[in-house]
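Close look at the chain arrangement
Now for the letters of each chain:
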Amino acid sequence: MKTTKLACVAAICVASLLTIFTTTSCSKETTIVEQKIKDTLVDIDLLTSARWKMESVYGILGNSVVGYTRGTQGNTESFDNEYYLFNKDFTGHEMDHAGYNHNIPKWELIQSTDRTTLKMTYYNTLNGSVQMTIFWDYITFKNGMLHFEEYYFNPQLYASFHGKVVRSKRN
């Protein structure tokens, strides 16, 4: 008789809990709002509108990993003071993270149906004057930042670089 009473009490408790759970879960509403931010076309006016500082870069230079995210610890090197400036006359420069200025005598923006690419002639003047061609490929502009793949061959280091980069406007 005691087991029957315990079974009845247990069944009543389970039924009560199920009723409470069902009532609670059915009365809640979930609203999902999807916010779509339209990408802005990357064009000459956008590129020349600011100095572009590094937010993050992750890639490979030769056999070494390059990893940097602004404001975090554990970066492989600092890009805190580095930026690019593009002029409307298709020239520009990069101020590297060590404070050296590198001339960009020519750059061009290449638009195709599936992507936007920036091709620039770049002079690394640290040890003589070494010319490189740098590509920013698959450039998009989202949430106020440039996102792209960067690649080049550095003849001084005899090493290639390929990585994912995010840049934002510098004040």
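Fair warning: this is a prediction, and the values are worked out from it, not measured in the lab.

**Notes on the layout of surface pockets**
As a volume, the largest pocket reaches approximately 550 Å³. As for the largest pocket, its lining consists of 28 residues, of which Phe79, Glu94, His97, Tyr122 and Tyr152 are closest to the centre. If you list the elements that add at least two residues to the lining of the largest pocket, you get strand S1 (51-61), strand S7 (116-124), strand S8 (130-142), strand S9 (145-154) and strand S10 (159-170). By residue class, the composition of the lining of the largest pocket is 16 nonpolar, six polar and six charged.

**A few points about the nonpolar core**
In terms of nonpolar packing, the biggest core is built from 28 residues, with Leu47, Phe86, Leu118, Met120, Trp136 and Leu146 touching the most fellow members. Ranked by the residues each element gives to this core, the list is headed by S8, at five residues. In contact with Leu146, not counting residues within four places along its chain, are Val42, Leu46, Leu47, Trp52, Trp136, Ile139, Thr140, Phe141, Val165, Val166 and Arg167.

**Considerations on the pairing of S9**
In regular strands, side chains alternate between the two faces of the sheet. Side chains Leu146, Phe148, Glu150, Tyr152 and Asn154 project from S9 onto a buried face, and the interleaved Met145, His147, Glu149, Tyr151 and Phe153 project onto a face without burial. Bridge count between S8 and S9: six bridges; the pairing is antiparallel. Among the inter-strand pairings, Phe135 is bridged to a residue of S9, identified as Tyr151. With 10 bridges joining them, S9 and S10 adopt antiparallel strand pairing. Bridged to Phe153 within S10 is Ser160.

**Examining unusual backbone geometry**
Trans is the common state for peptide bonds, and a negative phi is the common state for residues other than glycine. In this structure, Tyr138 takes a positive phi of about 55 degrees despite not being glycine. For Tyr138, the position within the fold is in strand S8. Unlike most non-glycine residues, Tyr158 shows phi in positive territory, near 50 degrees. Here Tyr158 is to be found in the loop between S9 and S10.

Conventions adopted
For every chain, the first residue of the written sequence is number 1, and numbering continues from 1 along that sequence. Totals for whole chains, interfaces and linings use all residues, but because this is a predicted model, local features are given only for residues with pLDDT of at least 70 and pairs of side-chain atoms are given and counted only at 80 or more. Heavy atoms from the whole structure form the basis of all side-chain values; hydrogens and water molecules are not counted. For cavity detection a 1 Å grid was placed over the protein atoms alone, and a set of points counts as a cavity when a 1.4 Å probe fits there but cannot get out; an open set counts as a pocket when protein lies on both sides within 12 Å along at least five of seven lines, with lining residues being those that have an atom within 4 Å of a point. Grid points are joined across faces, edges and corners, and a volume is the space filled by probe spheres set on the points. Every helix listed is a DSSP run of H or I at least four residues long, and every strand listed is a run of E at least two residues long, numbered separately from the N terminus. Residue classes follow a fixed rule: Ala, Val, Leu, Ile, Met, Phe, Trp, Tyr, Cys and Pro count as nonpolar, while Asp, Glu, Lys and Arg count as charged, and any other residue, Gly among them, counts as polar. By nonpolar core is meant a set of buried Ala, Val, Leu, Ile, Met, Phe, Trp, Tyr and Cys residues that side-chain atoms within 4.5 Å join together. Exposure classes here rest on a 1.4 Å probe applied to the protein chains alone. A residue is buried below 20% of its type maximum, exposed above 50%, and partly exposed in between. The criterion used for residue contact is that any of the two residues' heavy atoms lie within 4.5 Å. When DSSP finds at least two bridges between two strands, those strands are taken to pair.

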